[in-house]
Amino acid sequence: MIHIHHLTKTYGKARGVTDLTLHVPAGSCFGFIGPNGAGKSTTIRTLLGLISPTAGSAEILGLDCVRDRTALLAQVGYMPSEAMFYPEWRVSEVIRLSADLRKRNCRAEAAALCEALELDTRKKIRELSLGNRKKVSIVCAMQHRPMLYILDEPTSGLDPLVQRAFWSLLEQRRQEGAGVFLSSHVLYEVQRYCDRAAIIREGRLVVEGTTAELDIENKFFDYYEGRTVQ
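Residues numbered from 1 in each chain as written. Predicted model: local features only at pLDDT ≥ 70, side-chain atom pairs only at ≥ 80, totals over all residues. Heavy atoms only, no water.

1. Focus: the overall build of the protein chain
Here is step 1: Across its full length, the protein chain holds 9 helices and 10 strands.
Here is step 2: Seen through its C-alpha atoms, the protein chain measures out along the principal axes to roughly 50 × 40 × 35 Å.
Here is step 3: At a minimum sequence separation of 6, the contacts of the protein chain that also span at least 24 residues come to 66%.
Here is step 4: Total accessible area on the protein chain stands at roughly 11400 Å², and carbon and sulfur atoms take up 49% of it.
Here is step 5: Averaging the locations of the 30 positively and 27 negatively charged side chains of the protein chain gives two centres separated by 5 Å. (Helix = DSSP H or I, 4+ residues; strand = E, 2+ residues; numbered from the N terminus. Contact = heavy atoms within 4.5 Å. Areas by Shrake-Rupley, 256 points an atom, 1.4 Å probe, with all protein chains shown as cover. Lys, Arg positive; Asp, Glu negative; His and termini not counted. Charge placed at Lys NZ, Arg CZ, Asp CG, Glu CD.)

So, in structure tokens, the structure goes:
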């Protein structure tokens, strides 16, 4: 599903990620975890072709993340960590624009997602709470039923009931064959919902494996501080 080969991204003298190699199996739910500034968002933005790597390469669904960016984005549902939209637009307009950019008619799917998430599409973006803006992000990422979901802190700002609805929707998509690559600070979510995970620190891979092997909730700090060797 995702192949990252010796990926390096620097910002002048600042570090992004360094010599990162990672392989994500098809159909998996893969957790990508680490503290703030570890390189998680840099990795995701590089995968999506939003920034160019300094060295190395990455592929998604067999497509090169630089050369094939347009074709790649058509098959991916991306949810950024911050839900930012035109403030004067109504929710329905933002969702329709997201579908139109992909040249897809997603009205039926969008309506079902909005109902499941209890999202009022008549409101303007500026009227929404953080949690409701995140719901708009979820609909935009899922309405075209992509083969891969790339999610950056997807549940931050969501209340527990909406979190449960979100994970239920995502599990339905996985049952249909889609894969998930998500960044999260919530160790419990990664341990419960992901089958594999990787920990990154200061731009470098610390450990990768199944969540059962890693026992992330109990051993994260051991891995992070180098007390556990995998």
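2. Thoughts on the sheet that holds strand 5 (residues 63–64)
Here is step 1: The strand order across the open sheet built from 4 strands is 2-1-4-5, with neighbouring strands paired in antiparallel fashion. Each having just a single partner strand, strand 2 (14–24) and strand 5 make up the two edges of the open sheet.
Here is step 2: In terms of strand pairing, strand 1 (residues 2–11) meets strand 4 (residues 55–60) through 5 bridges, oriented antiparallel. Bridging across to strand 4, H3 finds its partner in E59. (Pairing = 2+ DSSP bridges.)

3. Notes on the environment of A110
Here is step 1: As for its placement among the helices and strands, A110 is situated in helix 4 (residues 107–117).
Here is step 2: Here the alpha-carbon distance between A110 and S92, two residues 18 residues apart in the chain, equals 9.3 Å.
Here is step 3: Residues in contact with A110, not counting those within four places in the same chain, are I95, V139 and Q143.

4. Considering the pairing of strand 3 (residues 29–33)
Here is step 1: Burial of strand 3 is extensive: 5 of the 5 residues sit out of reach of the surface.
Here is step 2: Neither face of strand 3 is open: one carries C29, G31 and I33, the other F30 and F32, and all of them are buried.
Here is step 3: Of the pairings in the sheet, the one linking strand 3 to strand 8 (residues 179–183) comprises 4 bridges and is parallel in character. Along strand 8, the bridge assignment pairs F32 with S183.
Here is step 4: Looking at chain direction, strand 3 and strand 9 (residues 196–201) are connected through 4 bridges and run parallel. Each residue of the ladder has a partner; that of G31, found in strand 9, is A197. (Buried < 20%, exposed > 50% of the residue type's maximum accessible area, 1.4 Å probe, protein only.)

5. With respect to the pattern of salt bridges
Opposite charge on two side chains permits them to pair, given that their charged atoms come into close proximity.
Here is step 1: What the rule picks out here adds up to 10 salt bridges.
Here is step 2: Between R67 and D68 there is a salt bridge, and its shortest N-O distance comes to 3.8 Å.
Here is step 3: What makes R67 exposed here is its relative accessible area of 65%.
Here is step 4: For D195, the salt bridge goes to R174, with nearest N and O atoms at 2.9 Å. Of the two residues, D195 is situated in the loop between helix 7 (187–193) and strand 9 and R174 in helix 6 (residues 160–175); the sequence distance between them amounts to 21 residues.
Here is step 5: Among the charged side chains, a salt-bridge network with shared partners connects E109, R145, R173 and E176. (Salt bridge = Lys/Arg side-chain N within 4 Å of Asp/Glu carboxyl O.)

6. A few points about a nonpolar patch on the surface
Here is step 1: Taken together, the side chains of Y86, W89, L97 and L101 define a hydrophobic patch exposed on the protein surface, amounting to about 410 Å² of accessible area.
Here is step 2: Looking at the element boundaries, L101 is found in helix 3 (residues 91–101).
Here is step 3: Assessed through its relative accessible area of 64%, L101 is described here as exposed. (Patch = residues over 30% accessible without salt bridge, like charges linked within 9 Å, V, L, I, M, F, W, Y side chains within 5 Å.)

7. Here's the deal with the environment of D159
Here is step 1: Counting through the fold element by element, D159 comes out in the loop between strand 7 (148–152) and helix 6.
Here is step 2: Taking relative accessible area as the criterion, D159 reaches 41% and is therefore assigned partly exposed.
Here is step 3: Distance in space between the C-alpha atoms of D159 and L128 is 14 Å, their sequence separation being 31 residues.

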